[in-house]
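Tertiary structure, described
One letter stands for each residue in the lines below.
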Amino acid sequence: MFIIGQLEKTTLLDIAKRAADFLIGFIRLPHLTGPHAICPSHYMGLAELYRTTSEKKYLDLLSRLVDIRGTVEGTDDNSDRKPFREMDKVEGHAVRANYLFAGVADLCAETGDKGLLRVLDLTWMM
């Protein structure tokens, strides 16, 4: 936080790390070990946070979020009617789909995951 007249301040990076650390703790709760319906807009941010800090926990969180998508009936809004690795067509909300595919592309770039790349290649021309 910014305090006038004092040297203490919190940077945006500190705020991003605290938010991601909260998500790491939150995703470990028993009721969230399964699927969730959530907008993938933060996926790219987690990849950038990993790239900036080199802290693998942020990349691990991104991987976990991608892997638990669509493991139960999802929504068209979030393109999570089936697990990402099983997607064979693009459906749902166009903006959120772009968040999803950009975030997964970031994850694939960092991990070299061939399963993710296969889905990205398959859905690219759609």
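Use the structure listed above.
Residues numbered from 1 in each chain as written. Predicted model: local features only at pLDDT ≥ 70, side-chain atom pairs only at ≥ 80, totals over all residues. Heavy atoms only, no water.

Okay, the nonpolar core next. Residues Leu62, Val66, Phe84, Val104 and Leu116 are the most contacted members of the largest nonpolar core, which totals 25 residues. Those elements that place two or more of their residues in this core are α1 (12–27), α2 (43–53), α3 (56–68), α4 (94–111) and α5 (114–124). Ranked by the residues each element gives to this core, the list is headed by α3, at 7 residues. When neighbours within four sequence positions are excluded, Leu62 is seen to be in contact with Tyr43, Leu46, Ala47, Gly103 and Leu107. (Core = buried A, V, L, I, M, F, W, Y, C linked by side-chain atoms within 4.5 Å. Buried < 20%, exposed > 50% of the residue type's maximum accessible area, 1.4 Å probe, protein only. Helix = DSSP H or I, 4+ residues; strand = E, 2+ residues; numbered from the N terminus. Contact = heavy atoms within 4.5 Å.)

Moving on: the pattern of salt bridges. Across all of its chains, the model carries 11 salt bridges by this definition. Each of the salt bridges in this network shares a partner with another, and the network as a whole consists of Lys17, Asp21, Glu55 and Lys57. (Salt bridge = Lys/Arg side-chain N within 4 Å of Asp/Glu carboxyl O.)

Let us now look at the packing of α2 against α4. Packing of α2 against α4 brings their axes to within 7 Å, and their N-to-C directions diverge by 25°. Classified by the interaxial angle, the pair formed by α2 and α4 is roughly parallel. Along this stretch, α2 crosses α4, giving a crossing that reads as left-handed. For the pair formed by α2 and α4, the contact residues are Tyr43, Met44, Ala47, Tyr50 and Arg51 on the first element and Tyr99, Leu100, Ala102, Gly103, Asp106, Ala109 and Glu110 on the second. In terms of residue class, the contact of α2 with α4 is made up of 8 nonpolar, 1 polar and 3 charged. (Axes fitted to C-alpha atoms, helices over the stretch in contact; angles between N-to-C directions. Parallel < 35°, antiparallel > 145°, perpendicular 65-115°, else oblique. Left-handed = near helix turned anticlockwise from the far one by under 90°. Nonpolar A, V, L, I, M, F, W, Y, C, P; charged D, E, K, R; others polar.)

The set of residues buried in α5 consists of Leu116, Val119, Leu120 and Thr123. An end-on view of α5 places all buried positions within 100° of arc, on one side of the element. Set apart from the buried face of α5 by more than 90 degrees, the exposed residues are Lys114 and Asp121. Where α5 starts, the residue carrying a side-chain oxygen 2.8 Å from the main-chain nitrogen of Gly115 turns out to be Asp113. (Arc of directions from axis to C-beta. Polar contact = N/O pair within 3.5 Å; in protein donor to acceptor, adjacent residues only side chain to side chain.)

Let us now look at α1. Along its 16 residues, α1 runs 22 Å from first to last C-alpha, staying within 8% of the 22 Å computed at 1.5 Å per residue. For α1, every residue scored as buried is listed here: Ala20, Ile24 and Ile27. Around the axis of α1, the buried residues are gathered within 75° of arc, so they sit on the same side. Turned more than 90 degrees away from the buried face of α1, the exposed residues are Arg18 and Phe22. Buried residues belonging to α1 abut α2 and α3. (Expected span 1.5 Å × (residues − 1).)

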